[in-house]
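# Structural overview
One letter stands for each residue in the lines below.
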Amino acid sequence: MDFSYRCTICNASYDITPDRTVCPVCSRRQEKDQPLTGVLEVELHGTLSAQFTVLDMLPVEPRYFPSIPVGNTPLWEPENIRRSMGFGRLFIKDDGLNPTASFKDRASFLVSAAAKKFGIKDITLASTGNAGSSMAGVGAAAGQNITLFLPKTAPPAKLVQALQYGARVYRVNGNYDMAYDMSLEFSKQKGGINRNTAYNPLTIEGKKTVSLELVSQLGMAPDVVFVSVGDGCILSGIYKGFRDLKKLGRIDSIPKIIGVQAETSDAICRAFVSGKFENIPTSTVADSICVDVPRNGIHALSQIKRFNGEMMTVSDDQIIQAQAYLSSSTGLFTEPAGAAAFAGFRKAAERLDPESVIVVMATGNGLKDITSAALGIQVPETLIETVEEIRGT
Ligand SMILES: *Cc1c(COP(=O)(O)O)cnc(C)c1O
């Protein structure tokens, strides 16, 4: 199997080299405060033997992989929810069980492997929190130097995590979009590899591994996948995995993907309707999907349209309630951005076929942001000293 990059806009092909990020031609039309133009995708050439594995479908050889067990996350069969909501074939993919507790490890893993292959030790990125703590952790396993630009609003656990893993962290007095631009400027000055989501094509490619796992865990492609959406890279990664499997003759059709955004951070939803991206300041309790300008917006939108996917929104209140309901009925505690996908499933449930195979992505662990999680529960305020004080319970 051979691999190259292909521009998702003009279809030009490029070799996979460390300095190749977005399409050099299409990115000349990049406008400020707009999604990236000319996002590149990895293209597979050739065929694979019948027993191929996920590793054969990645553009970096396994000998460069960092020694950290990313992926192969469990697929839950939530019995209580299946019964109470009437979906007998509902599954939850728990990507909070990755080493740094979020889906982002899938992208960091491949970027780290590519850096090693190219003999580069320095990796820079901007992050709302999870991509940064993920790259820091995976980079620690690989012995790489990670520089992270983190917006001031990042939950403390994600900051502490990145520092624990030994990353150099710059806290940006602004939002994720500002951190994104600063990290690009830093990379231009200092060199190394930039892992910014979508800007580095291997981020989407790494994320495709989840679809390959789903098909092998289910023994078939699911009918519907719910995923929360910020920059739109996980969504594109999920499509990429299914598209590669279809190209290789492993599955017959591409599942319906339903992207879920927060009502108050819904740039891709709005563009789905209006056809254009507007830079409107956003905020949501789900920090990992709080994005003003979705960097992968153009590519994500074209995938959803081409494969008949959908975009929908949920309120912060629905996210917080879905999070607590999921925790208390399954034992799976996911962060608000993870719960957004489940909130989307709950909102869409009545128009779904109860017989269909549905996968809800839980993208990050709940312990990453306990301040938000506390909004959905009652924390006891009084302290007790004797059992006699417990009355009426
Ligand atoms: C990053 C992230 C998302 C959204 O992924 P995008 O590629 O930005 O759309 C969702 N959930 C969690 C927990 C994340 O960290």
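Our structure's up above, just so we're on the same page.
Now for a quick tour of the structure. Here the structure is a predicted model, which means the values were calculated and not measured.

## Overview of the site of the ligand
Every one of the 16 residues lining the ligand counts as a neighbour, but Lys104, Asn130, Gly230, Gly232 and Thr363 are closest to it. Interatomic distance of 2.8 Å between a backbone N/O atom of aspartate 231 and an oxygen atom of the ligand. Backbone polar atom of glycine 232 to an oxygen atom of the ligand: 2.8 Å apart, as the coordinates give it. For the ligand, the accessible surface in isolation is 380 Å², of which the surrounding protein chains cover 98%. Grouping the constituent residues of the shell around the ligand by class yields five nonpolar, seven polar and four charged.

## Quick notes on the side chain of serine 187
Relative to the helices and strands, serine 187 resides in helix α5 (residues 176-190). With residues up to four places along the chain from it excluded, the contact list for serine 187 reads Thr124 and Asn194.

## Considering the packing of aromatic side chains
Following the criterion strictly, the structure yields ten aromatic pairs and no others. A ring pair is formed by tyrosine 176 and tyrosine 180, whose centres lie 5.9 Å apart and whose planes are at 85°; its orientation type is edge-to-face. Taken together, the residues tyrosine 176 and tyrosine 180, both in helix α5 and four residues apart, mark about one turn of the helix. Tyrosine 180 matches tyrosine 176 in its accessibility class, with the two residues each being buried.

## Considering helix α3 (residues 130-142)
Taking 1.5 Å of rise per residue, the 13 residues of α3 would be expected to cover 18 Å, and the 18 Å separating its terminal C-alpha atoms lies within 8% of that figure. With ten of 13 residues buried, α3 is to be regarded as a mostly interior element. Residues Asn130, Ala131, Gly132, Ser133, Ser134, Met135, Ala136, Gly137, Val138 and Gly139 constitute the buried set of α3. Those residues of α3 that are buried lie in contact with α2 (105-117), β6 (122-126), β7 (145-151) and α4 (156-164). In the segment just after α3, glycine 143 is the residue with positive phi, at about 70°.

## Some remarks on the sheet that holds β7
Ordered by their spatial adjacency, four strands build an open sheet running β8-β7-β6-β9, and the pairing between neighbours is parallel. In this open sheet, the two strands that pair with only one neighbour each are β8 (168-172) and β9 (193-194).

## What to know about the pattern of salt bridges
Summed over the entire model, instances satisfying the criterion amount to 21 salt bridges. With a shortest N-O distance of 2.8 Å, glutamate 41 and arginine 243 are connected by a salt bridge. In this pair, glutamate 41 sits in strand β3 (residues 40-45) while arginine 243 sits in helix α8 (residues 233-247), placing the two residues 202 residues apart along the sequence. A relative accessible area of 4% means that glutamate 41 is categorised as buried. Put simply, glutamate 79 and arginine 83 hold a salt bridge, and the shortest N to O gap is 3.3 Å. You can see glutamate 79 and its partner arginine 83 sitting in helix α1 (residues 79-85), four residues apart, about one turn around the helix. In this structure glutamate 79 comes out as exposed when scored by relative accessible area, which is 56%. A relative accessible area of 58% means that arginine 83 is categorised as exposed. Connected via shared salt-bridge partners are Lys93, Asp95, Arg106 and Glu213.

## Description of the sheet that holds strand β12 (residues 310-314)
An order of β4-β5-β13-β10-β11-β12 is seen for the six strands of this open sheet, with the pairing classed as mixed. Only two strands of the sheet have a single partner each, and these edge strands are β4 (75-76) and β12. Pairing geometry for strand β10 (residues 224-228) and strand β11 (residues 256-262), over five bridges, is parallel. In the sheet register, valine 224 faces β11, and the bridge partner there is lysine 256. Contacts from helix α7 (residues 209-218) reach β4, β5 (90-94) and β13 (358-362), with the element oriented near 135° to β5.

Rules and cut-offs
- Residues numbered from 1 in each chain as written.
- Predicted model: local features only at pLDDT ≥ 70, side-chain atom pairs only at ≥ 80, totals over all residues.
- Heavy atoms only, no water.
- Near = heavy atom within 4 Å.
- Polar contact = N/O pair within 3.5 Å; in protein donor to acceptor, adjacent residues only side chain to side chain.
- Areas by Shrake-Rupley, 256 points an atom, 1.4 Å probe, with all protein chains shown as cover.
- Nonpolar A, V, L, I, M, F, W, Y, C, P; charged D, E, K, R; others polar.
- Helix = DSSP H or I, 4+ residues; strand = E, 2+ residues; numbered from the N terminus.
- Contact = heavy atoms within 4.5 Å.
- Phe/Tyr/Trp six-rings, centres within 6.5 Å; stacked < 30°, edge-to-face > 60°.
- Buried < 20%, exposed > 50% of the residue type's maximum accessible area, 1.4 Å probe, protein only.
- Expected span 1.5 Å × (residues − 1).
- Pairing = 2+ DSSP bridges.
- Salt bridge = Lys/Arg side-chain N within 4 Å of Asp/Glu carboxyl O.
- Axes fitted to C-alpha atoms, helices over the stretch in contact; angles between N-to-C directions.

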